[in-house]
Amino acid sequence: MELLDIYLPHYHFRERHALDIRATAAQVMGAVESYDSTEDRLVRAMTALREMPQRLIWRLGNAPASNRPPFSLENFTNLGTIPDKALALGLAGRFWKLDYGQEIVPDAESFKHFEQPGAARLVLGFRANELGDGLTRLVTETRVQCLDAVALRRFRPYWYLIRPFSGLIRRRVLKAIKREVCRIHR
């Protein structure tokens, strides 16, 4: 069973991207686990654009949260790993809110049982499948489950607005991981 099926078997929204890399699954997953989204200028710019309204509100109100670091993979909870094969990361909250509406989920068990009304759960997964002849397919999949009709109604327009940008980011992540694997394992 896949990690995504363990942590979010039922979902309303899904996005999937894949890229073949000439390396072993272990090498690919090593690069996945060390990937830092803040190193990509376009990802940083898109995050800054997404966060601009909230940061402006914070600054105008002199809120201490205005110094909060930008959203990144650090915001996710590590849900589980299958060594050299898969990784699952989770988020919970009201993602459509200016400040992401993120809720604290300290571990995988808390994520599985998170059921706050009006919120959603999101799993970001990476899976490496060896295809033979030294080739591995790296797949990234995002699943979102809205926990009730209110969350579904609020998340749906947000999803359609951010999905093209999310897809662009996921494809860039895959390419960055491929570059890193190729750099390390020439």
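Residues numbered from 1 in each chain as written. Predicted model: local features only at pLDDT ≥ 70, side-chain atom pairs only at ≥ 80, totals over all residues. Heavy atoms only, no water.

Quick notes on the pattern of salt bridges
Going through the model one piece at a time under the given rule, you end up with eight salt bridges. Across the pair Arg 137 and Asp 20 runs a salt bridge whose closest N-O atoms are separated by 2.7 Å. Highlighted residues: Arg 137 in strand S5 (residues 135–146) and Asp 20 in strand S1 (residues 13–22), separated in sequence by 117 residues. A relative accessible area of 33% places Arg 137 in the partly exposed class. Linking Glu 141 and Arg 143 is a salt bridge whose minimum nitrogen-to-oxygen distance equals 2.7 Å. Side by side, Glu 141 and Arg 143 carry an identical accessibility label, which is buried. Ionic contacts of the salt-bridge type, sharing partners, join the residues Asp 5, Arg 14, Glu 141 and Arg 143 into one network. (Salt bridge = Lys/Arg side-chain N within 4 Å of Asp/Glu carboxyl O. Helix = DSSP H or I, 4+ residues; strand = E, 2+ residues; numbered from the N terminus. Buried < 20%, exposed > 50% of the residue type's maximum accessible area, 1.4 Å probe, protein only.)

With respect to unusual backbone geometry
For Asp 84, which is not glycine, the phi dihedral falls at a positive 65 degrees. Structurally, Asp 84 is set in the loop between strand S2 (77–82) and strand S3 (86–93).

Some remarks on helix H2 (residues 25–34)
Looking at H2, one finds that the buried residues are Ala 25, Val 28, Met 29, Ala 31 and Val 32. For H2, the angular spread of the buried residues around the axis is 155 degrees, confining them to a single face. Summarising the contacts, the buried residues of H2 are in contact with S1, S3, strand S4 (120–132), S5 and helix H5 (149–184). (Arc of directions from axis to C-beta. Contact = heavy atoms within 4.5 Å.)

Looking at the side chain of Ser 166
If you trace the backbone, Ser 166 turns up in helix H5. One polar contact links Ser 166 to Glu 15, side chain to side chain, over a distance of 2.8 Å. (Polar contact = N/O pair within 3.5 Å; in protein donor to acceptor, adjacent residues only side chain to side chain.)

What about the pairing of S2?
The pairing of S2 with S3 spans five bridges and is classified as antiparallel. The partner of Asn 78 across the bridge, within S3, is Leu 89. Hairpin connection, S2 to S3: the antiparallel pair is bridged by three residues, and Asp 84 has positive phi, about 65 degrees. (Pairing = 2+ DSSP bridges.)

Notes on the packing of H2 against H5
Direction vectors running N to C along H2 and H5 enclose 120 degrees, while the axes themselves pass 9 Å from each other. With respect to each other, H2 and H5 are oriented oblique. For the pair H2 and H5, the crossing hand works out as right-handed. Taking contact as the criterion, the partners of Gln 27, Val 28, Ala 31 and Val 32 in H2 are, on H5, Ile 177, Glu 180 and Val 181. Grouping the constituent residues of the contact of H2 with H5 by class yields five nonpolar, one polar and one charged. (Axes fitted to C-alpha atoms, helices over the stretch in contact; angles between N-to-C directions. Parallel < 35°, antiparallel > 145°, perpendicular 65-115°, else oblique. Left-handed = near helix turned anticlockwise from the far one by under 90°. Nonpolar A, V, L, I, M, F, W, Y, C, P; charged D, E, K, R; others polar.)

Thoughts on the packing of aromatic side chains
If you walk through the whole model with that rule in mind, you get seven aromatic pairs. Seen in terms of ring centroids, Phe 13 and Trp 159 are 5.5 Å apart; in terms of plane orientation they differ by 40 degrees. Their pairing is tilted. In this pair, Phe 13 is assigned in strand S1 and Trp 159 in helix H5, connecting sequence segments 146 residues apart. One exposure class covers both Phe 13 and Trp 159, and it is buried. Centre to centre, the rings of Phe 13 and Tyr 160 are 6.4 Å apart; their planes meet at 80 degrees, and the pair counts as edge-to-face. Placement of Phe 13 in strand S1 and of Tyr 160 in helix H5 is noted, with a sequence separation of 147 residues between them. (Phe/Tyr/Trp six-rings, centres within 6.5 Å; stacked < 30°, edge-to-face > 60°.)

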